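Observations on the three-dimensional arrangement
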Amino acid sequence: MMTQSVQALTIAGHDSDGSAGMPADLHAFFIDGVYGHGILTAAVSGNSYGITQQQIMPAAFIKEQFRVLGEDFKIKAAKTGMLANDDVINVVADSYDPAKFGPLVVDPVIITKHGVMLLEPSAYELFRERIIPLATVITPNFYEAQKLTGLDLRDDEEVLEAARQLDAMGAKNVVIKGQHVEGQTTPVRDFVSLANGETFWLEEDYIPTNRVNGTGDTFSAIITAELAKGHSVEAGVRLAKRVVHQAIQNEIEIGHQFGPINHWAGQTAATQ
């Protein structure tokens, strides 16, 4: 007799080296015991040295992926990744239906953890207007939180204010991930603001490594998987922090320069 597996969805770009984007999301779903579906928004050609080209999917193709998945599968939670331009943002906002796809985790893949821009400049305001209000959880990194709020985030009070602004934009739960700086000696601190008014910080030691590709994708995907299982946002965020830390701490040798985090090691935290 077959049992129904918990299912989640990633709406993201595909990285050809498997380190980030949709591949990282699917790895994360798998280690957390959830079956993953994917709606492809873009594809990039790259390896451990960098990205050479990208191809954005046509809006009609993205819309059709939403349609066919929604007709067939019992998806309990979803997440976004790379939404590269206005057309992609609009079709995702128009096609996302909570009744079919569950709560939405928005990973605003707009600026890398090193400050490199990924979203077309014209699309930032549209992202604020159309995607953030759909978010059950939003998980910007330090630079993304700066860009979305216009704040410098120089101290804890500004981080709190950024969370308040993201909440005012419509995000129900906010996680602002701490800045990573080469040579850092202090822990990486993430600020969490929940819909029930509770706030807290999560921290882990900074690990100096160039094997961090897919960190943000995995973090948001674990939260998505936990929501699909019916667990709370807080439980999902706390587990995601543990999984990612384990995956960074235990390096894996893939590629010659910038490499992926180790999902096999992260699985240990996910199954504890």
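See the structure printed just above.
No experiment lies behind these values; they were computed from the predicted model shown.

**Some points on the overall build of the protein chain**
Scanning the protein chain from terminus to terminus reveals 10 helices and 9 strands. Here the C-alpha atoms of the protein chain give a radius of gyration of 17 Å, agreeing with the 19 Å that 2.2 N^0.38 yields for 272 residues. Once the C-alpha set of the protein chain is aligned to its principal axes, its extents read approximately 50 × 40 × 40 Å. Partitioning the intrachain contacts of the protein chain with sequence separation of at least 6 by distance along the chain shows that 67% fall at a separation of at least 24. Accessible area for the protein chain stands at about 12,500 Å²; split by element, carbon and sulfur atoms hold 52% of it. Across the protein chain, 20 positive and 34 negative side-chain charges occur, with their mean positions spaced 5 Å apart.

**What about helix 6 (residues 142-149)?**
Of the positions making up helix 6, those classed as buried are Phe-142, Glu-144, Ala-145, Leu-148 and Thr-149. For helix 6, the arc enclosing every buried residue in end-on projection is 165°, short of the 170-degree limit, so these residues lie on one face. Against the buried residues of helix 6 lie helix 5 (124-131), helix 7 (156-168) and strand 7 (173-176). Two to three positions downstream of the cap, the backbone nitrogen of Tyr-143 sits 3.1 Å from a side-chain oxygen, assigning the N-cap of helix 6 to Asn-141.

**Considerations on the environment of Asp-25**
Tracing the backbone through its elements, the reader meets Asp-25 in helix 1 (residues 22-31). Look at Asp-25 and you get buried, because its relative accessible area is 0%. Along the backbone, Asp-25 and Thr-224 are 199 residues apart, and their C-alpha atoms lie at a distance of 9.5 Å. The contact partners of Asp-25, leaving out residues within four places of it in the chain, are Thr-10, Ala-12, Lys-79, Asp-217 and Ala-221. Among the polar contacts made by the side chain of Asp-25, one reaches the side chain of Thr-10 at a distance of 2.5 Å.

**A closer look at the packing of aromatic side chains**
A full pass over the atoms with the stated rule returns 4 aromatic pairs. Measuring from ring centre to ring centre gives 6.3 Å for Tyr-96 and Phe-101, while their planes differ by 25°; the resulting arrangement is stacked. Ring plane angle 90° and centroid distance 5.4 Å describe the contact between Phe-142 and Tyr-143, whose orientation is recorded as edge-to-face. Owing to a relative accessible area of 22%, Tyr-143 belongs among the partly exposed residues under this scheme. Aromatic ring contacts, followed pair by pair, group Phe-66, Tyr-96 and Phe-101 into a single cluster. Sitting over the face of the ring of Trp-201, Arg-189 holds its NZ or CZ atom 3.9 Å from the ring centroid.

**Topic: the environment of Pro-187**
Note that Pro-187 resides in the loop between strand 7 and strand 8 (188-193). Residue classification places Pro-187 among the partly exposed residues on the basis of a relative accessible area of 27%. Separated by 16 residues in the primary sequence, Pro-187 and Glu-203 place their C-alpha atoms 6.0 Å from one another. If sequence neighbours within four positions are ignored, Pro-187 has contacts with Glu-203, Glu-204, Asp-205 and Tyr-206.

**A few points about helix 5**
Residues Tyr-124, Leu-126, Phe-127, Arg-128 and Ile-131 constitute the buried set of helix 5. In this structure, the buried side of helix 5 is in contact with helix 3 (86-95), strand 5 (104-106) and helix 6.

**Concerning the packing of helix 9 (residues 233-249) against helix 10 (residues 263-270)**
In a packed pair of helices, the relevant descriptors are the angle between the two axes and the axis-to-axis distance. Contact geometry for helix 9 and helix 10: axes closest at 7 Å, N-to-C directions at 145°. You can see that helix 9 and helix 10 cross each other, and the crossing is right-handed. Of the residues in helix 10, those in contact with Leu-239, Arg-242, Val-243, Gln-246 and Ala-247 of helix 9 are His-263, Ala-265, Gly-266, Ala-269 and Ala-270. For the contact of helix 9 with helix 10, a count of residues per class yields 6 nonpolar, 3 polar and 1 charged.

**A closer look at the pairing of strand 4 (residues 75-80)**
The buried count for strand 4 comes to 5 of 6 residues, which makes it a mostly enclosed element. With 5 bridges connecting them, strand 1 (residues 7-15) and strand 4 associate as parallel partners. Among the inter-strand pairings, Ala-8 is bridged to a residue of strand 4, identified as Ala-77.

**Thoughts on the sheet that holds strand 5**
Across the sheet, which stays open at both edges, the 9 strands sit in the order 3-2-1-4-5-6-7-8-9 with mixed pairing between neighbours. The strands lining the two open edges of the sheet, one partner per strand, are strand 3 (50-56) and strand 9 (199-204). Alignment of strand 8 against strand 9, held across 6 bridges, turns out to be antiparallel. Considered in strand 9, the bridge of Asp-190 is made with Leu-202. Contacts from helix 1 reach strand 1, strand 2 (35-47) and strand 4 within the one sheet, and its direction differs from that of strand 1 by about 150°.

Calculation criteria
- Residues numbered from 1 in each chain as written.
- Predicted model: local features only at pLDDT ≥ 70, side-chain atom pairs only at ≥ 80, totals over all residues.
- Heavy atoms only, no water.
- Helix = DSSP H or I, 4+ residues; strand = E, 2+ residues; numbered from the N terminus.
- Rg over C-alpha atoms; globule rule 2.2 N^0.38 Å.
- Contact = heavy atoms within 4.5 Å.
- Areas by Shrake-Rupley, 256 points an atom, 1.4 Å probe, with all protein chains shown as cover.
- Lys, Arg positive; Asp, Glu negative; His and termini not counted.
- Charge placed at Lys NZ, Arg CZ, Asp CG, Glu CD.
- Buried < 20%, exposed > 50% of the residue type's maximum accessible area, 1.4 Å probe, protein only.
- Arc of directions from axis to C-beta.
- Polar contact = N/O pair within 3.5 Å; in protein donor to acceptor, adjacent residues only side chain to side chain.
- Phe/Tyr/Trp six-rings, centres within 6.5 Å; stacked < 30°, edge-to-face > 60°.
- Lys NZ or Arg CZ within 6 Å of the ring centre and 35° of its normal.
- Axes fitted to C-alpha atoms, helices over the stretch in contact; angles between N-to-C directions.
- Left-handed = near helix turned anticlockwise from the far one by under 90°.
- Nonpolar A, V, L, I, M, F, W, Y, C, P; charged D, E, K, R; others polar.
- Pairing = 2+ DSSP bridges.

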